[in-house]
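Summary of the model geometry
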Amino acid sequence: MSINYIYPEYEVVRNDARCIRCRVCERQCANEVHSYDEERNLLISDEAKCVNCKRCVTLCPTHALKIVKSDCRFKENANWTDDTIREIYKQAESGGVLLSSMGNPKPLPVYWDKILINASQVTNPSIDPLREPMETKVFLGKKPDKVKRDENGNIICKTSPQLELSIPIMFSAMSYGSISYNAHASLARAATELGIYYNTGEGGLHEDFYQYGPNTIVQVASGRFGVHKDYLEAGAAVEIKMGQGAKPGIGGHLPGAKIVGDVSRTRMIPEGSDAISPAPHHDIYSIEDLRQLVYSLKEATEYKKPVIVKVAAVHNIAAIASGIARSGADIIAIDGFRGGTGAAPTRIRDNVGIPIELALASVDQRLRDEGIRNNVSLVVGGSIRCASDVVKAIALGADACYIATGALLALGCHLCRSCQGGKCNWGIATQRPELTKRLNPDIGSQRLINLMTAWKHEIKELMGGMGINSIEALRGNRLMLRGVGLNGKELEILGISHAGE
Amino acid sequence: MKLKEGQIRIPSGCAISAVISREGKRMTGEKIIESMKPMHDRSNGLGGGFAAYGIYPEYKEFYALHIFYDDNTSRHTCEQFLKDGFEIVRAENIPTRKHKNITDEPLIWRYFVAPLASVLARMQLDEKEYTARIVMKINTEIDGAYVFSSGKNMGAFKAVGYPEDVGEFYRLDEYGAYLWTAHGRYPTNTPGWWGGAHPFGLLDYTIVHNGEISSYDANRRFIEMFGYKCTLQTDTEVITYIADYLMRKQGLTLEETASVIAAPFWSTIENREDKELLKYLRCTYGGLLITGPFSIILGFNGGLMALNDRLKLRSMVVGEKDDKIFIASEEAAIRTMEPDAENIYSPAGGEPVIVRVKEGVEL
């Protein structure tokens, strides 16, 4: 028997001169890192349990704590890194698949950071959003191909159902179960206040949240959890989830430990049973099957709600999106490989799928080449981190963006990437009552509203700088973008010129 | 190597001017040429041009194609190509007079043509669509040939130079038109290519435009879905195609077209009686909303529409006298054409000024 050397990844550094033995760290840590030794009147740490979520650091009243990466490491090796070695030890011991959470943390290219935005100088004026109207309103849904007139020659102003957004951003799918009741409440209330939408994910819709239906997108995923007539009718739109950026090609697994009480009722499955979403929809093995589900859902909702089809960004995404556009979908949502998750096999999260920037650029161009771009709206996510990412995405051709990790950060997430453990100290990715109560939905929703309001201001400033006063005029306006440090092929796919050209 | 128009996007400032007789009375080109003189400083000698409507009454059933050729080889290629699809009833040099400020002219030809009925039947196209497609094919595929005017009973005339010199060069004093539009260009680069001057036209739609639109690439990528190819990378070109698409292909009226390209703000739409229609148009044709500064005059058989961007970031004034309506970047230009012009005003941003020749007047 060999013994694995797995030294704790982090060190808890406690400044004993500052520590007042209030024991807040001990009470706050669901991972039970901290404990109090009465005999010695000392707080001690079991660092092996620490996930570096910073809850104790944040709440320590005397700033006595910090968590640092341990410098007790393996012998340096650029090929066999610490992570790689540690993962091998874990698998040698367990024989299992490695699990991890949130987005891909690997240093793969982030194209947003290699794209720069234009501004007006001399030949046309920039526009000051404080003085002039600056419009960010967006309508998502299929647009008519051809104007129809009545017998008097007046245009018949009827369109397919549309989603109206005050800003081109929505909260992306996160199921009730993977995140807490209070997290959902915060998202739902903020979306309503902001005039945008949040997304139920595949966990059904808690009865308390039906009141936010006009700002809710209800999801139908491969497990069909929580899907019933009232649910479909409650939302403003229905999303078919075919795939997710963090784990393209596989399903989902919410462990039985999280299927408690309301979660079990909302998902319509027994308490304690694992909620397993199959990898494919077993009624969709091909594009023509997708069309049938799209129209089944439209029939069920009397053609009053747009249907979104969400897919992960994979290699052949342009052709796939074109097929979806021809299958009756009103909106296509594409999720890039940096997208977050409650839990995914590490190897899949880090190695499957393609960056959203490239997927978006090629899908938008393909839909235009086929003349069907106006038949469908494009929403992109995974990962949109800030207002300039939104502006770049719109200029590449998106109608709107999905954000989820950003929203969780606003709610207090510190990206410790341990959601799969179910012990989220911030009350977000957990169902334990003593933890979920830490997230106050009054404060949570206000922070989401603040974040979106701030981004809206920034989007307006960036638009005004370009001399653009309406978001429609930014959509697909790739001349407003330049690449920096990108090779010819990357520029060709993104459809932009290099800086200086 | 210097890039020519189309290989690079060149921002320009400009002067525009127009006059129309609501009675359909013919005017020579002298007045419109004069109107460009007080706005001399709005151009920089790198492009000027005119569009004239009603100038070919004897050939009004035929498309008048005005074409620049680099040389006789490109002319032969193009003429051979035209013969496959059109009956050519007349082919000639466009008359010009030597002018010291206009040099390096290409070969400048015009043809009066009618599409062959057999070709239209085979391709299942109406004659306008067929002609538009052929024009775009020549401009993109025949090296050294460039069609710069393609409507019936109208024509565009343009060159590298100041507009007043261009007008004299083309002997516009010898034409009679009920509608003239004019353009002087101030490009920031010096491509020196005649095809890059304005007006830009497709069929009988012509655009003279002052501004640099910030929505250019959004508009271009939208309109290119519908068979248009923006080869010049100019605002004028994309605006012409937008007008052609909305009016000829989608059947929108001028007013509806104005509500697409200079759509009212949502806050305005909320309070309008026709808000349902305005919302429909803005939502459906969002990709054709034009932002950034522009003042344009769209000419067509029987009338014109002048329009400013919705923030009114470019000057444009309107005046009238008797049967005539005058529109220009500056009042001085109107006063040159008609010292006693009345009711001079600046239309609001996004407010279309539509003038048509009276019904029943033979054009």
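Residues numbered from 1 in each chain as written. Chains lettered and ligands numbered in written order. Predicted model: local features only at pLDDT ≥ 70, side-chain atom pairs only at ≥ 80, totals over all residues. Heavy atoms only, no water.

Looking at the overall build of chain B
As a reminder of what qualifies: A run of DSSP states H or I qualifies as a helix once it reaches four residues; a run of E qualifies as a strand once it reaches two. Both are numbered from the N-terminal end. Atoms considered for the radius of gyration are the C-alpha atoms alone. The globule rule reads 2.2 Å times the number of residues to the power 0.38. Only protein chains enter the accessibility calculation, which uses a 1.4 Å probe; a residue whose area is less than 20% of its type maximum is buried, one above 50% is exposed, and one in between is partly exposed. We get accessible surface area from the Shrake-Rupley algorithm with a probe of 1.4 Å; when it comes to residues, only the shown protein chains can shield them. Note that His is not counted, nor are the chain ends; the positive residues are Lys and Arg, and the negative ones are Asp and Glu. In plain terms, the charge of a residue is placed at NZ if it is Lys, CZ if Arg, CG if Asp and CD if Glu.
A count of helical and extended segments in chain B gives 11 helices and 16 strands. A globule of 363 residues ought to have a C-alpha radius of gyration of about 21 Å, and chain B, at 19 Å, matches this closely. The principal-axis extents of the C-alpha atoms in chain B amount to approximately 60 × 50 × 45 Å. Counting only residues that meet the buried cut, chain B has 63% of its 363 residues in that class. If you sum the accessible surface of chain B, you get close to 13100 Å²; carbon and sulfur atoms cover 47% of it. Considering chain B, the positive charge centre built from 42 side chains and the negative charge centre built from 50 side chains are found 2 Å apart.

Things to note about the interface of chain A and chain B
For clarity, the threshold we go by: Any pair of residues with heavy atoms lying within 4.5 Å of one another is described as a contacting pair. Buried area adds together the accessible area that both of two parts lose upon being put together, with accessible area traced by a 1.4 Å probe. By salt bridge we mean one thing: a side-chain nitrogen of Lys or Arg within 4 Å of a carboxyl oxygen of Asp or Glu. Only Asp, Glu, Lys and Arg are considered charged in this grouping, and only Ala, Val, Leu, Ile, Met, Phe, Trp, Tyr, Cys and Pro are considered nonpolar; every other residue, Gly among them, is considered polar.
Tallying the contact residues gives 45 residues for chain A and 41 residues for chain B. When chain A packs against chain B, the two sides together hide about 3400 Å² of surface, and 56% of this comes from carbon and sulfur. Of all residues in chain A, A:Thr123, A:Glu135 and A:Glu472 bury the most surface against chain B, accounting for 17% of the area lost on that side. There are 5 salt bridges connecting chain A and chain B. Between B:Glu256 and A:Arg149 there is a salt bridge, with the nearest N and O atoms lying 2.7 Å from each other. At 4 residues, the largest contribution of residues to the side of chain A that touches chain B is made by helix 10 (residues 356-369) of chain A. Looking at the side of chain A that touches chain B residue by residue, the class counts come to 17 nonpolar, 12 polar and 16 charged.

Re the packing of aromatic side chains
We count it as follows: Between rings of Phe, Tyr and Trp, where Trp is taken as its six-membered ring, a pair exists when centres lie within 6.5 Å; planes separated by under 30 degrees are stacked, by over 60 edge-to-face, and by other angles tilted.
Tallied over the entire structure, the rule returns 22 aromatic pairs over all chains. Between A:Phe74 and A:Tyr89 the ring centres are 6.0 Å apart and the planes differ by 55 degrees, which places this aromatic pair in the tilted class. Linking A:Phe74 in the loop between strand 4 (65-69) and helix 3 (82-94) with A:Tyr89 in helix 3, this pair joins segments that are 15 residues apart in sequence. According to the relative accessible area criterion, A:Phe74 is buried, its value standing at 15%. When its relative accessible area of 26% is taken as the criterion, A:Tyr89 is described as partly exposed. Ring geometry for B:Tyr146 versus B:Trp193: centroids 5.1 Å apart, planes at 65 degrees, classification edge-to-face. With B:Tyr146 in strand 6 (residues 145-149) and B:Trp193 in the loop between strand 8 (179-187) and strand 9 (200-202), the pair connects residues that are 47 residues apart, well separated along the chain. Neither residue differs from the other here; B:Tyr146 and B:Trp193 are each classed as buried.

Side note on helix 10 of chain A
Cut-off, in case you're wondering: Helices are assigned an expected span. That span is 1.5 Å times one less than the residue count.
The terminal C-alpha atoms of helix 10 of chain A, which comprises 14 residues, lie 20 Å apart, in line with the 20 Å expected from a rise of 1.5 Å per residue. Across the 14 residues that make up helix 10 of chain A, a large majority, 10, are buried. Turning to helix 10 of chain A, its buried residues number three or more, namely A:Ile356, A:Glu357, A:Leu358, A:Ala359, A:Leu360, A:Ala361, A:Val363, A:Asp364, A:Leu367 and A:Arg368. Those residues of helix 10 of chain A that are buried are in contact with helix 8 (317-325), strand 16 (331-335), strand 18 (377-381), helix 11 (387-396) and helix 15 (488-494) of chain A together with helix 6 (216-223) of chain B. Residue A:Gly371 follows helix 10 of chain A closely and has a positive phi angle near 70 degrees.

Structural notes on the side chain of A:Ser172
Tracing the backbone through its elements, the reader meets A:Ser172 in the loop between strand 9 (169-171) and helix 4 (181-194). Each residue touching A:Ser172, except ones within four places of it in the same chain, is listed here: A:Asn199, A:Lys310, A:Tyr402, A:Ile403 and A:Ala404.

Focus on the domain arrangement of chain A
All names here are of chain A. Under the convention used in this document: Domain limits in this description derive from either an automatic procedure or a database domain assignment.
The domain boundaries assigned to chain A delineate domain 1 (10-96) and domain 2 (165-498). For domain 1 and domain 2, the distance between their C-alpha centroids amounts to 33 Å. Across the contact, 13 residues belong to domain 1 and 11 residues belong to domain 2. Of the roughly 1000 Å² buried at the junction of domain 1 and domain 2 (both faces included), carbon and sulfur atoms supply 48%. Broken down residue by residue, the surface that domain 1 buries against domain 2 is led by Ala30, Cys53 and Arg55, which jointly contribute 48%. Counting every contact that joins domain 1 to domain 2 gives 1 salt bridge. Among the secondary structure elements, those contributing two or more residues to the side of domain 1 that touches domain 2 are helix 1 (24-28), helix 2 (55-59) and helix 3. Looking at the side of domain 1 that touches domain 2, its residues break down into 4 nonpolar, 5 polar and 4 charged.

Focus on the packing of helix 4 (residues 127-141) of chain B against helix 7 (residues 235-249) of chain B
Residue and element names in this part refer to chain B. Where we set the bar: Axis definition: a line fitted to C-alpha atoms, limited for helices to the stretch in contact. Angles are taken between N-to-C directions and run from 0 to 180 degrees. An angle below 35 degrees is read as roughly parallel, one above 145 as roughly antiparallel, one from 65 to 115 as roughly perpendicular, and any other as oblique. In this scheme the crossing of two helices becomes right-handed for a clockwise turn of the near helix relative to the far one and left-handed for an anticlockwise turn of less than a right angle.
Running from amino to carboxyl end, helix 4 crosses helix 7 at an angle of 160 degrees, the nearest separation of the two axes being 13 Å. One finds that helix 4 runs roughly antiparallel with respect to helix 7. Our pair here, helix 4 against helix 7, has a crossing hand that is left-handed. Taken together, the residues of helix 7 that come into contact with helix 4 (itself represented by Lys128, Glu129, Ala132 and Met136) are Tyr241, Arg248 and Lys249.

Quick notes on the pattern of salt bridges
Tallying each qualifying case throughout the model produces 61 salt bridges over all chains. Here B:Arg310 makes a salt bridge to A:Glu135, at a shortest N to O gap of 3.0 Å. Note that B:Arg310 is positioned in the loop between strand 12 (303-308) and strand 13 (317-321) and A:Glu135 in the loop between strand 6 (115-117) and strand 7 (138-140), a pairing that runs across two chains. Of the two residues, B:Arg310 and A:Glu135, both sit in the buried class. Across the salt bridge formed by B:Lys98 and B:Glu105, the nearest N and O atoms sit 2.9 Å from each other.

Brief notes about helix 14 (residues 441-465) of chain A
Given 3.6 residues per turn, any residue in an α-helix points the same way as the ones three and four places further on. Residues and elements named next belong to chain A. Operational definition: Two N or O atoms form a polar contact when they lie within 3.5 Å of each other; inside protein one atom must be a possible hydrogen donor and the other a possible acceptor, and for residues adjacent in sequence the pair counts only when both atoms belong to side chains.
The end-to-end C-alpha distance of helix 14 is 36 Å, a good match for the 36 Å that 25 residues give at a rise of 1.5 Å each. Listing the buried residues of helix 14 in full gives Pro441, Gly444, Ser445, Leu448, Ile449, Met452, Trp455, Ile459, Met463 and Gly464. Looking at where helix 14 begins, the residue whose side-chain oxygen comes 2.8 Å from the main-chain nitrogen of aspartate 442 is asparagine 440. Looking one or two residues past helix 14, glycine 467 carries a phi angle of roughly 80 degrees, positive in sign.

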